[in-house]
Amino acid sequence: VVSSGRKYTAKVVGTDATDDVALLRLTGVSGLKTVKVGDSDKVRVGTQVVAVGNAGGRGGQPTVTSGTITALHRTITAGDSGSRSSETLHNMLQTNALIAEGDSGGPLSNAAGYVIGMNTAANTQSFGGPGTRQGFAIPINDALAIASQMAKGHGSAKIHIGQPPFMGIAVASTSSDAVSSATAP
């Protein structure tokens, strides 16, 4: 927690890679202040917003940018540079508030401070002139509906309950001169 410097352990309750939502449960914590949640169904183009995140994933004080909602119900293909994978996300809120790598999971709030979305992806385009920027957020009503299913332990074809499985494999190449053979005694 940036304001106090305290660190907590978290357990993965569930993940939904298709919709880019995960639910974590902090252990040994009580009395944390919660955010005010808005109704993303009431968001309109032109709504003033503030995006909070951790641009660049550096930790420390959060980054804060402002803008407006520029489109509703967008379908995008978001790529993950780390894993070289992509996903198609539907019903996204589009904003011109700068959302950068590392901001994912942060809140997109309206001018009254109510969270209306969860920052998810960004697109910056420049074609010989001034660049345009677009940020995308999952509507909070959608994110909370998915998190509620996870909290109830309701898995599905999209929702995985618990820590997702992971298998790591490393492949190394070597020149044929460096290969040695062994014989059994």
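A brief report on the enclosed structure follows. Worth saying up front: this structure is predicted, and the values here are computed from it rather than measured.

1. Brief notes about the overall build of the protein
Turning to step 1, where the next piece is worked out: Helix and strand content of the protein: one helix and nine strands.
Turning to step 2, where the next piece is worked out: Along the protein, from the amino end to the carboxyl end, the secondary structure elements read β-β-β-β-β-β-β-β-α-β.
Turning to step 3, where the next piece is worked out: Classification of the 185 residues of the protein by burial places 28% in the buried group.
Turning to step 4, where the next piece is worked out: Looking at the protein alone, contacts between residues at least 24 apart form 54% of all its contacts between residues at least 6 apart.

2. Structural notes on the sheet that holds strand β1 (residues 9–16)
As a general point, the strands of a sheet are linked pairwise by backbone hydrogen bonds and lie either parallel or antiparallel.
Turning to step 1, where the next piece is worked out: Reading across from one edge, β2-β1-β9 is the order of the three strands in this open sheet, with antiparallel pairing throughout. The two strands at the open ends of the sheet, each matched to only one other strand, are β2 (21–27) and β9 (160–161).
Turning to step 2, where the next piece is worked out: Here seven bridges tie β1 to β2, and the two strands are oriented antiparallel to one another. Bridge pairing links Thr15 to Ala22 in β2.
Turning to step 3, where the next piece is worked out: Packing of helix α1 (residues 140–151) onto the sheet brings it into contact with β1, β2 and β9, and relative to β2 it is tilted by some 55°.

3. Structural notes on the environment of Gly59
Turning to step 1, where the next piece is worked out: Mapping Gly59 onto the fold places it in the loop between β3 (48–53) and β4 (63–80).
Turning to step 2, where the next piece is worked out: Gly59 gets classed as partly exposed once you look at its relative accessible area, which sits at 36%.
Turning to step 3, where the next piece is worked out: Once the C-alpha coordinates of Gly59 and Gly102 are considered, the two residues, 43 residues apart in sequence, prove to be 9.2 Å apart.

4. Observations regarding the packing of aromatic side chains
Turning to step 1, where the next piece is worked out: In this structure the tally under the stated criterion is zero aromatic pairs.
Turning to step 2, where the next piece is worked out: Above the plane of the ring of Tyr114 lies Lys36, whose end atom (NZ or CZ) is 4.8 Å from the centre.

5. A few points about α1
Turning to step 1, where the next piece is worked out: Helix length check: α1 (12 residues) gives 16 Å between terminal C-alpha atoms against 16 Å at 1.5 Å per residue, within 8%.
Turning to step 2, where the next piece is worked out: Gly153 sits one or two positions beyond α1 and adopts a positive phi of about 80°.

6. Describing the pattern of salt bridges
Turning to step 1, where the next piece is worked out: Counting across every chain of the model gives one salt bridge.
Turning to step 2, where the next piece is worked out: The salt bridge involving Asp19 is made with Lys158; its shortest N-O contact spans 2.9 Å. Of this pair, Asp19 sits in the loop between β1 and β2 while Lys158 sits in the loop between α1 and β9; the two residues are 139 residues apart in sequence, bridging distant segments of the chain.

7. Thoughts on the nonpolar core
Turning to step 1, where the next piece is worked out: Judged by nonpolar contacts, the single largest core of 18 residues is most densely connected at Val21, Ile76, Met92, Ile138 and Met150.
Turning to step 2, where the next piece is worked out: Counting residues per element, the ones that place at least two in this core are β2, β4, β5 (85–95), β7 (115–125), β8 (132–139) and α1.
Turning to step 3, where the next piece is worked out: Per-element tally for this core: the top contributor is α1, with five residues.
Turning to step 4, where the next piece is worked out: Beyond its immediate chain neighbours, meaning those up to four positions away, Val21 contacts Thr15, Asp16, Met118, Ile138, Ala143, Ile146 and Met150.
Turning to step 5, where the next piece is worked out: Judged by nonpolar contacts, the second largest core, of 10 residues, contains Ala51, Ala97, Ile99 and Leu108.

About the thresholds
- Residues numbered from 1 in each chain as written.
- Predicted model: local features only at pLDDT ≥ 70, side-chain atom pairs only at ≥ 80, totals over all residues.
- Heavy atoms only, no water.
- Helix = DSSP H or I, 4+ residues; strand = E, 2+ residues; numbered from the N terminus.
- Buried < 20%, exposed > 50% of the residue type's maximum accessible area, 1.4 Å probe, protein only.
- Contact = heavy atoms within 4.5 Å.
- Pairing = 2+ DSSP bridges.
- Axes fitted to C-alpha atoms, helices over the stretch in contact; angles between N-to-C directions.
- Phe/Tyr/Trp six-rings, centres within 6.5 Å; stacked < 30°, edge-to-face > 60°.
- Lys NZ or Arg CZ within 6 Å of the ring centre and 35° of its normal.
- Expected span 1.5 Å × (residues − 1).
- Salt bridge = Lys/Arg side-chain N within 4 Å of Asp/Glu carboxyl O.
- Core = buried A, V, L, I, M, F, W, Y, C linked by side-chain atoms within 4.5 Å.

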